[in-house]
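Chains, contacts and geometry: an overview
Here is what each chain is made of, one letter per residue.
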Amino acid sequence: MSKNIKLMQGNEACVEGALYAGMRFYAGYPITPSTEIAEKSAELLPTVGGKFIQMEDEIAGIAAAIGGALTGKKSMTATSGPGFSLKQENIGYAMIAEIPLVIVNVQRGGPSTGLPTAPAQGEIMQAKWGTHGDHPVIALSPSTVRETFDLTVRAFNLAEKYRTPVMLLTDEIVGHMREKIEIPEPGELEIYNRLEPVEGETYIPYGVREGDLVPRMAAFGSGHRYHVTGLFHDETGFPSNSTENAGFMLDRMMKKVEDNLDDLIEYEEYMLDDAEVCIFSYGSSARAAKTAIDQLREEGIKAGLFRAITIWPFAEKRVKALAEQFDNIVVAELNLGQYVYEVERVVKGAAKVSHVGKANGDVLTPAEIAAKVKEVL
Amino acid sequence: MNNPIVEKYFRMDNLPHIWCPGCGNGIIMLALAKAIDSLGLDKDKVCVVSGIGCSSRAPGYLDFNTLHTTHGRALAFATGVKLANPELEVIVISGDGDASAIGGNHLIHAARRNIGITTIVFNNNIYGMTGGQYSPTTPNGDLGTTAPHGNIDRPFDIAQLAAAAGATYAARSTVYHANQMEKMIETAIAHKGFSMVEVISTCPTYYGRKNKKGSAANMIAFLKDSFIDVKVAEKLPEEKKAGKFLMGEFKKEEGVVEYTVAYESIIERLKK
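Going along each chain's sequence as written, the residues are numbered from 1 onward. Written order determines the labels here, with chains lettered from A and ligands numbered from 1. Two thresholds apply to this predicted model, a pLDDT of at least 70 for residue-level local features and 80 or more for giving and counting side-chain atom pairs, whereas whole-chain, interface and lining totals are computed over all residues. Computation of side-chain values: all heavy atoms of the structure, hydrogens and water removed.

Quick notes on the domain arrangement of chain A
Accessible area lost on assembly of the parts is the figure often given for the size of an interface. Residue and element names in this part refer to chain A. Under the domain assignment, chain A is made up of domain 1 (1-264) and domain 2 (269-376). Segmentation into domains, and thus their bounds, comes from an automatic or database assignment. Using only C-alpha atoms to locate each centre, domain 1 and domain 2 end up separated by 28 Å. Listed per partner, the contact involves 32 residues of domain 1 and 24 residues of domain 2. Accessible-area loss on putting two parts together, using a 1.4 Å probe and summing over both, is the definition of buried area adopted here. Counting the surface lost from both domain 1 and domain 2, the interface buries some 2,100 Å², and carbon and sulfur atoms represent 56% of this. Contact with domain 2 buries area across many residues of domain 1, yet Gln121, Ile124 and Met125 alone supply 30% of it, more than any other trio. Any carboxyl oxygen of Asp or Glu that lies within 4 Å of a side-chain nitrogen of Lys or Arg is treated as forming a salt bridge with it. Linking domain 1 with domain 2 are two salt bridges, by the criterion used here. Between N or O atoms, a polar contact is any pair within 3.5 Å; within protein, one atom must be a potential hydrogen donor and the other a potential acceptor, and residues adjacent in sequence are included only when both atoms are from side chains. Where domain 1 meets domain 2, there are 18 residue pairs in polar contact (both at pLDDT 80 or more). Secondary structure elements follow DSSP: runs of H or I no shorter than four residues count as helices, runs of E no shorter than two count as strands, and numbering proceeds from the N terminus. Those elements that provide at least two residues to the side of domain 1 that touches domain 2 are strand 6 (115-119), helix 6 (124-129), strand 7 (138-140), helix 7 (145-162), strand 8 (165-171), helix 8 (172-176) and helix 10 (261-264). Residues are treated as being in contact if the distance between any of their heavy atoms lies within 4.5 Å.

Details of the sheet that holds strand 4 (residues 117-123) of chain B
Following DSSP output, two strands are said to pair if at least two bridges run between them. Strands sit in the order 10(A)-2(B)-1(B)-3(B)-4(B)-8(B)-7(B)-10(B)-9(B) across an open sheet of nine strands; the sheet is mixed. Each edge of the open sheet carries a strand with a single partner, namely strand 10 (227-229) of chain A together with strand 9 (227-229) of chain B. Averaged over all pairs of adjacent strands, the angle between strand axes in this sheet comes to 20 degrees, irrespective of strand direction. One ladder, built from five bridges, connects strand 1 (residues 46-50) of chain B with strand 3 (residues 89-95) of chain B; its direction is parallel. Bridge pairing in strand 3 of chain B links B:Ser50 to B:Ile93. For helices, the axis comes from a line fit to the C-alpha atoms of the stretch in contact; other axes are also lines fit to C-alpha atoms, and the angle between any two N-to-C directions lies between 0 and 180 degrees. Lying over the sheet, helix 7 (residues 178-190) of chain B contacts strand 3, strand 4, strand 7 (169-174), strand 8 (195-200), strand 9 and strand 10 (245-252) of chain B, oriented at roughly 160 degrees with respect to strand 7 of chain B.

Remarks on the pairing of strand 3 of chain B
Two faces make up the sheet, and in a regular strand the side chains alternate between them. All names here are of chain B. Buried residues are those whose accessible area, probed at 1.4 Å on protein chains only, stays under 20% of the maximum for their type, while exposed residues exceed 50% and partly exposed ones sit between those limits. Within strand 3, six of the seven residues are buried, which leaves the element mostly enclosed by the surrounding structure. Direction of pairing for strand 3 relative to strand 4: parallel, over a ladder of six bridges. Considered in strand 4, the bridge of valine 90 is made with isoleucine 117.

Focus: the side chain of A:Thr79
Examined against the element boundaries, A:Thr79 turns out to sit in strand 4 (residues 74-79). A:Thr79 has contacts with A:Ile31, A:Ser34, A:Glu58, A:Phe84, A:Lys87, A:Val104, A:Asn105 and A:Val106, leaving out every residue within four places of it along the chain.

Some remarks on the pattern of salt bridges
Opposite charge on two side chains lets them pair, provided their charged atoms get close. Taken as a whole and assessed by the stated rule, the structure comprises 37 salt bridges over all chains. A salt bridge links A:Glu12 to A:Lys40, with the nearest nitrogen and oxygen atoms 3.9 Å apart. Residue A:Glu12 is found in helix 1 (residues 10-21), and its partner A:Lys40 is found in helix 2 (residues 35-44); the two are separated by 28 residues along the sequence. Like A:Lys40, A:Glu12 is buried. Ionic pairing is found between B:Glu253 and B:Lys251, a salt bridge with its closest N-O pair at 3.7 Å. The class for B:Glu253 is partly exposed, based on a relative accessible area of 34%. Here the salt bridges do not stand alone but share partners, grouping A:Arg225, B:Arg11, B:Lys43, B:Asp44 and B:Asp63 into one network.

As C-alpha cells, this is what we get:
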C-alpha cells in the first residue's frame, strides 16, 4: 500500500486532522495567522457533506460552532490572539453547557492587534483563565506539522469523550511552516464519538450514573427535547439557583479533568536521563530547545528537554519529580513569563526555575536558550 | 383548568414563569405556541433559541429543543443550528436590547443571508431584567434608570431594520393585537427565508412606572389606540396619522433563495 505522504502547513494539517476525526461543521472569522484553517475547511467540508460558514465576527464564529455541535455534528472554530479574546465568553458557555467543540488558537504577537504575522506563545494563561469563573480546561500544543494533525484528532476525541471544549494552542511558526507528513490511513488512529442516550431509558440531559462524570448527549432533532443554558442548571438542564446544586455540578465538571489526568496529560522527554539541566518547553519553542540541547551536548553540557504536549491540565506529578532530579529547570517560551509561573508553583523551590523568552515577534533561538542554560549552570 | 395549547406545548413543571404581573411577554409566548399548533409542526423538529433578558427566558417554558445562549448571540447560535441541521424549524426569541444592541450585528447578518430562521423580538422598549435602563428602542425623551434626565438617543425601528438588511419577511404587531400577531408568527415560520416579527410588549414594572404610563391595562389600551396597520395608514390623510405608530406586514418577498438551500446545492454540485 502506498503511503499518503504530503508536504503541508500546520494549518492545513489541522484541517486534515479535523476531517480525519470526523469534523462536519466549521464556523469562524478570518484572522491572521489562522485563516488557512478556515479556507481549507471551506474548500473540503462540503465535499464530505459537511458545512462551513464564515460568520460576521469572532463571537458569532464560536456561537455558530456551538450550535452546530448541538445538532450532533463534530464542530470546530479557529482564530488567533484578538479573536481568542473575543471568544472567551462563549468558551465559558461551552464549558458550563458541556458542548464538545475544538477551538484552535494560532498564537501571534499581542497584546491587542500586536504583531499579526509574528509568532508568540502569549495565551497560555488566557487559555486557562480567559473566561470568567472556575471551569475545567483542556489545552494541547503541537510542535510539528504531523503533531498538529495528531493533536487535532486528539482534541476532537477528548472533546467528545469529556463533553467539553478543547483548545489547540498552535502558533504562527507551527501553523505556517511546511513539513513532510504522512497522513494516517483511516482506522489507524482511534476516533471517539460522544455517547448518545441509551434507547429505552428516560433521558436526563445533565444526569450521570453513579461513578460517571460525563452526561450522554442527545442531538437537537433526535427526539429528546431538552434545555441548554449558560445558567447553572440541575441534571434536567433547567436553571437552578441552588448553591448545593451549583457546587455539585461544578465539582462534577472539574472532576472530568481532575480525575482523568493520566488520560489527558501527554509530554515528551528528550535526552533527560543523563542530563544535568532540564529545559522545559512546548510548541515551536521546543524545536529551538532541541537544537540548543544538541549544541550544548557538543560542548559537553548535558542538557535535556521536557516538552509539554498537554498544556492544561498541567503535568504536575512529573514536573514535581523533575524538580527532585534537577537543580535547574530552564523554561523556554515565547512570552515574557507565563507557563514558568505554573512550573514555579509546582516546583515550590525544590529546583531553581529560570526563564528565557521574549515577546517582540522574533523567534526564540537555540543560541538564546543555550546561553541561558550556561548562565544558570 | 388549563388551556390545551399550554398543556401541549409548555413545560408545565417549569411554570409559573418569572415575568412580572402585567408583562406582555406571556401573550407573545402563547401566540407562538398557537402558531406552531396551527402549522402542525413536529415538536421534536422545532428549536427555540434565545439570548439573555426577560423575553429570553421563554424557551425554558416551551417543550421543544431549547437553547438559552449568551447575551445578544441567539441568532449566531441559531445560525449554526439551522445550517448544521436544516430540517429543524429554528425560532429565535429575543428582546429589544438583546436583538438590536448587543446582538445588532448578528441580526443584520442573519437577515442579509436570508437564512431560514424566524426571529420574534419582544420589544418592551427597556432593559427589564437589569431594572429599567434605556434600550435602543426607548423613545427619545423618555426616562430610564440610565436616562434620568431623558433619553437623547434616537430609537431603532427593528422591523424596518431587518427588512433593510435583507430579511424577506418583516412585520410588526403588539400584544393587544394578539390574533393578528399569531397569524404573523404563523406566516413568518412558514416563510422560506429570514423572517422577523417585532411585537411591541409592555413593561409596566420599569418602563411604565418610570414614564408614568399608568396600569398594565392602560399600557395595553395605548397599544390599541396608537397602532394602525400599514395598509390602513396608506389611505389615511396625514392629520389622522399624527402620533400613530405603524404595524402590519412591511415586507414579504418570495423566491429569494434560502441560505441552507444554497449551501445544499453546493454539496450536490460537488458530488458530480
